[in-house]
Amino acid sequence: KAGVTQTPRYLIKTRGQQVTLSCSPISGHRSVSWYQQTPGQGLQFLFEYFSETQRNKGNFPGRFSGRQFSNSRSEMNVSTLELGDSALYLCASSFNTAEETQYFGPGTRLLVL
Amino acid sequence: QKEVEQNSGPLSVPEGAIASLNCTYSDRGSQSFFWYRQYSGKSPELIMSIYSNGDKEDGRFTAQLNKASQYVSLLIRDSQPSDSATYLCAVNRKSSGDKLTFGTGTRLAVRP
């Protein structure tokens, strides 16, 4: 079974731009969670989607948003990029809930200049 | 108090030794506990999950959970240089909805 895939793998943007990241979960998984990982803060939860609905949200500003499609694929968008948004963005999928085992994708490394 | 706490390390052990990694959590209602391993520049990969008090063994890895003490640990027997990585403890915190909260990780270095 194919694992979680994320595109693109690397991205360079400038301040003020916006970016969209994509995640395809493991086949059959309906829950998709997004995390931001930085050296200083570690892994921080952004949001979780299940059946096209945002089920949970972390403490991030409204510039961070996401959505999930009927095939469980998910996108996250960051608008008005700031230097501090430079990070590794990880997507994880699980069958039904975040309580179950989550499997991570390879991540998208975003650099904001 | 942090929600999930880990010693950042580095924890240095000689090859063949037992590495002991610890994690404490603040929410007594937590029910699911996970250990992930993350190599530098890679994404986290699941090592073990544990849901009930006691020990759970999988090969060279043993997870231990003590809900009364709000403590979960990971033991790695016969440590190998390939075990050198950052180990992340993750806890499902029911009080904040159905999501995982991660500790900042413990860096393990296994000396040949």
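Quick note: structure is the one above.
Just so it is clear, the structure is predicted and the values come from calculations on it, not from any experiment.

J.: Let's hear about the sheet that holds strand 3 (residues 19-25) of chain B: which residues, and what values?
T.: Two strands in a sheet stick together by hydrogen bonds in their backbones, pointing the same way (parallel) or opposite ways (antiparallel). What the five strands build is an open sheet, ordered 1-3-8-7-6 (chain B); its pairing is antiparallel. The two strands at the open ends of the sheet, each matched to only one other strand, are strand 1 (4-5) and strand 6 (54-58) of chain B.

J.: Run through the state of the cysteines, naming residues and quoting values.
T.: The full count for this structure, using the stated rule, is two disulfides over all chains. Sulfur-sulfur distance for the disulfide between Cys23(A) and Cys91(A) comes to 1.7 Å. Across the S-S bond of Cys23(A) and Cys91(A) the torsion is about -45°, and the bridge reads as left-handed. Here Cys23(A) is found in strand 3 (residues 19-24), whereas its partner Cys91(A) is found in strand 9 (residues 87-94), with 68 residues between them in sequence. Overall, Cys23(A) belongs to the buried group, its relative accessible area being 0%. Accessibility expressed as a relative area gives 0% for Cys91(A), which makes it buried. Note on cysteine connectivity: Cys23(B) is disulfide-linked to Cys89(B), with sulfurs 2.1 Å apart. Handedness here is read from the sign of the S-S torsion; for Cys23(B) and Cys89(B), about -70°, the answer is left-handed. You can see Cys23(B) sitting in strand 3 and its partner Cys89(B) sitting in strand 9 (residues 85-92), a full 66 residues away along the chain. Accessibility assignment for this pair places Cys23(B) and Cys89(B) in one class, buried.

J.: Please set out the interface of chain B and chain A residue by residue, giving values where relevant.
T.: The interface of chain B with chain A comprises 21 residues on the first partner and 19 residues on the second. Interface area, chain B with chain A, both sides summed: about 1,500 Å², of which 51% is carbon and sulfur. Elements with a minimum of two residues in the side of chain B that touches chain A: strand 4 (32-38), strand 5 (45-50), strand 9 and strand 10 (100-102) of chain B. It is strand 4 of chain B that provides the largest number of residues to the side of chain B that touches chain A, a total of four residues. A class-by-class count of the residues in the side of chain B that touches chain A yields eight nonpolar, 10 polar and three charged.

J.: How would you summarise the sheet that holds strand 1 (residues 5-7) of chain A if you had to cite specific residues and measurements?
T.: All names here are of chain A. Strands sit in the order 1-3-8-7 across an open sheet of four strands; the sheet is antiparallel. Lying at the two open borders of the sheet, with one neighbouring strand each, are strand 1 and strand 7 (64-68). Averaged over all adjacent pairs, the angle separating strand axes in this sheet is 20°, with direction ignored. Summarising the sheet, strand 7 and strand 8 (residues 74-78) pair through five bridges and their orientation is antiparallel. Residue pairing in the sheet places Gly66 in a bridge with Met76 of strand 8.

Rules used in this analysis
Residues numbered from 1 in each chain as written. Chains lettered and ligands numbered in written order. Predicted model: local features only at pLDDT ≥ 70, side-chain atom pairs only at ≥ 80, totals over all residues. Heavy atoms only, no water. Pairing = 2+ DSSP bridges. Helix = DSSP H or I, 4+ residues; strand = E, 2+ residues; numbered from the N terminus. Disulfide = S-S within 2.5 Å. Buried < 20%, exposed > 50% of the residue type's maximum accessible area, 1.4 Å probe, protein only. Contact = heavy atoms within 4.5 Å. Buried area = accessible area lost by both parts, 1.4 Å probe. Nonpolar A, V, L, I, M, F, W, Y, C, P; charged D, E, K, R; others polar. Axes fitted to C-alpha atoms, helices over the stretch in contact; angles between N-to-C directions.

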